[in-house]
Amino acid sequence: MPRAPNAQEQPGPAGPVPQTSPRHEPDHVVDSPEPGHPVVVGYDGSQSSRNALAYATGLARRLSRPLLVVYVVPYGVYCEPMTGQVICASREKGEMERWLISELNQVCDAEGLEVSVIARRGNAAKELAAAADVSSADALVVGAPGHKLHHVVGSIPSWLARHARCPVIVVP
């Protein structure tokens, strides 16, 4: 049984169309960010990871998110075969964190950002993915590999692109 249009409804091609009173909508709505959900950045001291750190800092600032800097220490100690120079040795946790904060201050301006640094031990790709997953990261930022060996054995960014549960940004 068809209804007759009333004062709040106007007839339309398919029947009555409800009229709504105009509401004042704000021009700009600011959502307060959820706590956590950081921008995670993998850092190893290389030039591409320094670039990634600078990019991640800007991204965290734009998104109003905390920044989590993750340094992954491989298992064991590795030496350069020709010179015997130690490439990666275990560092005391406090020393590692001071070094990461120093690097952060050299690379970018983190003033006003909530910054955390952590060091993990193990496979870099798996540890970065785990850190991003545990922290419910909004993004994971890594530097592009700077060596040709990654074409043979695979690269951290390509593994992360396939396995991480958040967007992965690779910075040259």
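Definitions and limits used
Residues numbered from 1 in each chain as written. Predicted model: local features only at pLDDT ≥ 70, side-chain atom pairs only at ≥ 80, totals over all residues. Heavy atoms only, no water. Pairing = 2+ DSSP bridges. Helix = DSSP H or I, 4+ residues; strand = E, 2+ residues; numbered from the N terminus. Axes fitted to C-alpha atoms, helices over the stretch in contact; angles between N-to-C directions. Contact = heavy atoms within 4.5 Å. Buried < 20%, exposed > 50% of the residue type's maximum accessible area, 1.4 Å probe, protein only. Salt bridge = Lys/Arg side-chain N within 4 Å of Asp/Glu carboxyl O. Phe/Tyr/Trp six-rings, centres within 6.5 Å; stacked < 30°, edge-to-face > 60°. Lys NZ or Arg CZ within 6 Å of the ring centre and 35° of its normal.

Q: Run through the sheet that holds strand β4 (residues 67-73), naming residues and quoting values.
A: Strand-to-strand pairing in sheets goes through backbone hydrogen bonds, with the strands running parallel or antiparallel. Read across the open sheet, the five strands follow the order β7-β4-β3-β8-β9; overall the sheet is parallel. The open sheet has two free edges, formed respectively by β7 (115-121) and β9 (168-171), since each of these has just one partner strand. Ignoring which end each strand starts from, the neighbouring axes of this sheet average 25° apart. As paired elements, strand β8 (residues 139-143) and β9 share four bridges and run parallel to each other. When the sheet's bridge partners are listed, Val141 is paired in β9 with Ile169. Strands in contact with helix α1 (residues 47-63) are β3 (39-42), β4, β8 and β9; relative to β8, the strand with the most contacts, it is inclined by about 155°.

Q: Run through the pairing of β8, naming residues and quoting values.
A: The buried count for β8 comes to five of five residues, which makes it a mostly enclosed element. Looking at chain direction, β3 and β8 are connected through three bridges and run parallel. What sits directly across from Val39, in β8, is Ala139.

Q: Just give me the short version of the pattern of salt bridges, but keep the residues and values in it.
A: A full pass over the atoms with the stated rule returns four salt bridges. Taking the shortest distance from any N to any O, the salt bridge between Arg50 and Glu103 comes out at 2.7 Å. Here Arg50 is found in helix α1, whereas its partner Glu103 is found in helix α2 (residues 93-107), with 53 residues between them in sequence. A residue is classified by how much of its surface remains accessible, and Arg50, at 22% relative accessible area, is partly exposed. Between Asp138 and Arg65 there is a salt bridge, with its nearest N and O atoms 2.7 Å apart. Taken together, the residues Asp138 in the loop between α3 (124-134) and β8 and Arg65 in the loop between α1 and β4 connect sequence positions 73 residues apart.

Q: Go over the packing of aromatic side chains, please, and point to the residues and values.
A: Going through the model one piece at a time under the given rule, you end up with two aromatic pairs. When the ring of Tyr43 is compared with that of Trp99, the centres are 5.8 Å apart and the planes differ by 50°; the resulting orientation is tilted. Of this pair, Tyr43 sits in the loop between β3 and α1 while Trp99 is found in helix α2, placing the two residues 56 residues apart along the sequence. Judged by relative accessible area, Tyr43 falls into the buried class, the value being 3%. Take Trp99: its relative accessible area is 21%, and that puts it in the partly exposed class. The interplanar angle of 75° and the centroid separation of 5.1 Å between the aromatic rings of Tyr71 and Trp99 together place this pair among those described as edge-to-face. Residue Tyr71 is located in strand β4, and its partner Trp99 is located in helix α2; the two are separated by 28 residues in the primary sequence. Taken together through their ring pairs, the aromatic side chains of Tyr43, Tyr71 and Trp99 make up a single cluster. The ring of Tyr55 carries the charged tip of Arg62 above its face, separated from the ring centre by 5.8 Å.

By themselves, these are just geometric observations and shouldn't be taken as functional.
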